[in-house]
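Structural description and commentary
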Amino acid sequence: MKEKVKNILKILDEHYPNVRVALNYTNPLELLIATILSAQCTDERVNQITPYLFKKYPTAKDYATADLKTLEEDIKPTGFYKNKAKHIKECCQVLVEKYHGQVPANLEILTKLPGIGRKTANVVLGNAFDIPGIVVDTHVRRVAKRLGLTKHQDALKIEKDLMQLIPKEKWTKFSLQLTWHGRRICKARKPQCNKCPLHKWCDEYQKV
DNA sequence: CTCCCGATAT
DNA sequence: ATATCAGGAG
């Protein structure tokens with residue numbers, strides 16, 4: 001397994017050397033909001049509305065004091081807009097009341113905020129604060145499972161498995177690489193195994 | 001486990 | 001028609 005992980009990491013680095021979050025942002029708050037909006041929605045769609053959104057709501061206080069219906073309309077194209085608007089407003093209210101309107105760089109604090117789970121928290125920590133974290137989104141879950149890096153379905157168990165296998169300083173980049181690979185090659189519906197540089201090390205590919 | 005939301009691929 | 005898309009709350 002150790003050799004397998006080493007090879008997978010090497011191949012990922014060769015093929016995806018400069019991965020970056022596909023969501024556009026210029027500060028931790030913007031990344032936090034964009035990540036909440038990205039739930040069950042493509043990043044392109046999120047990027048389409050965020051230029052307008054970030055201009056209209058530059059600080060946490062702007063979301064905290066926003067009219068809920070107006071905020072719903074502003075984020076509508078990203079889907080789940082009622083839940084997301086409610087989460088964003090409540091989350092920013094806590095940020096204003098308890099954290100001076102700043103995004104805390106701490107996993108335990110972040111995951112207690114309304115609308116913020118481990119996935120969103122780790123995206124913000126890893127990319128806005130350079131604090132290593134394994135991000136288990138739908139792509140990471142699928143690809144890690146297919147590769148045979150975990151047997152679990154539960155996101156937290158997958159996160160723990162990957163934390164054991166991957167060196168800490170690579171957690172954030174590895175998550176981004178797996179997500180990117182999952183989007184482009186190892187797709188949910190029609191995985192492009194013939195184009196996949198990892199298929200030698202893939203459990204699922206060996207089965208077929 | 002279900003619900004929230006709607007666009008797009010298959 | 002149905003599954004899926006950078007999930008989280010109740």
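Residues numbered from 1 in each chain as written. Chains lettered and ligands numbered in written order. Predicted model: local features only at pLDDT ≥ 70, side-chain atom pairs only at ≥ 80, totals over all residues. Heavy atoms only, no water.

A separate point is the protein's contact with DNA strand C. Taken together, 26 residues lie around DNA strand C, and Gln40, Thr120, Asp137, His139 and Arg189 are the ones closest in. When the atoms of DNA strand C within 4 Å of the protein are sorted by group, sugar and phosphate make up 60%. Measuring from a base nitrogen of DNA strand C, one finds a backbone N or O atom of Ala22 at 3.1 Å. In this structure, Thr120 approaches DNA strand C through a side-chain N or O atom, which is 2.4 Å from a phosphate oxygen. Those elements giving two or more residues to the surface near DNA strand C turn out to be helix 8 (118-128), helix 9 (138-147) and helix 11 (171-184). Class assignment for the residues of the surface near DNA strand C results in 11 nonpolar, 10 polar and 5 charged. (Near = heavy atom within 4 Å. Polar contact = N/O pair within 3.5 Å; in protein donor to acceptor, adjacent residues only side chain to side chain. Helix = DSSP H or I, 4+ residues; strand = E, 2+ residues; numbered from the N terminus. Nonpolar A, V, L, I, M, F, W, Y, C, P; charged D, E, K, R; others polar.)

A few words on the packing of helix 2 (residues 28-37) against helix 8. Running from N to C, helix 2 and helix 8 point in directions that differ by 145°, and their axes come no closer than 9 Å. In the crossing of helix 2 with helix 8, the sense of the turn from one axis to the other is right-handed. Of helix 8, the residues touching helix 2 (which contributes Pro28, Leu31, Leu32, Thr35 and Ile36) are Lys119, Thr120, Val123, Val124, Asn127 and Ala128. (Axes fitted to C-alpha atoms, helices over the stretch in contact; angles between N-to-C directions. Left-handed = near helix turned anticlockwise from the far one by under 90°. Contact = heavy atoms within 4.5 Å.)

Okay, the nonpolar core next. If you look at the biggest cluster of nonpolar residues, it comprises 62 residues, and the most contacted ones within it are Ile33, Tyr63, Cys92 and Phe174. Element by element, the count of residues in this core is highest for helix 2, at 7 residues. Split by domain, the residues of this core number at least three in each of domain 1 (2-19 + 134-207) and domain 2 (28-128). Every residue in contact with Ile33, bar those within four places of it in the chain, is listed here: Leu53, Phe54, Tyr63, Ile88 and Cys92. (Core = buried A, V, L, I, M, F, W, Y, C linked by side-chain atoms within 4.5 Å. Buried < 20%, exposed > 50% of the residue type's maximum accessible area, 1.4 Å probe, protein only. Domains from an automatic or database assignment.)

Here we take up the UniProt feature "binding site: [4Fe-4S] cluster" (unreviewed entry) in chain A. As recorded in UniProt, the feature "binding site: [4Fe-4S] cluster" (unreviewed entry) lies at Cys186, Cys193, Cys196 and Cys202. Spanning 17 residues, the named residues form one tight spatial group whose C-alpha atoms are at most 10.7 Å apart. The topology assignment puts Cys186 in the loop between helix 11 and helix 12 (203-207). A residue is classified by how much of its surface remains accessible, and Cys186, at 12% relative accessible area, is buried. Beyond its immediate chain neighbours, meaning those up to four positions away, Cys186 contacts Arg142, Val143, Arg146, His181 and Pro191. Its location among the elements puts Cys202 in the loop between helix 11 and helix 12. (UniProt positions renumbered as here; feature names shortened; annotations may be inferred.)

Turning our attention to the protein's contact with DNA strand B. Taken together, Gln40, Arg45, Gly79, Phe80, Tyr81, Lys82, Asn83 and Arg189 are the residues near DNA strand B. Among all atoms of DNA strand B positioned within 4 Å of the protein, those belonging to sugar or phosphate total 44%. Within the backbone of Phe80, an N or O atom sits 3.1 Å from a sugar or linking oxygen of DNA strand B. Here a base oxygen of DNA strand B sits 3.1 Å away from a polar atom, N or O, in the side chain of Asn83. In terms of residue count, the dominant contributor to the surface near DNA strand B is helix 6 (residues 81-99) (3 residues).

Take the packing of aromatic side chains next. Following the criterion strictly, the structure yields 1 aromatic pair and no others. Measuring from ring centre to ring centre gives 4.9 Å for Tyr57 and Tyr63, while their planes differ by 10°; the resulting arrangement is stacked. (Phe/Tyr/Trp six-rings, centres within 6.5 Å; stacked < 30°, edge-to-face > 60°.)

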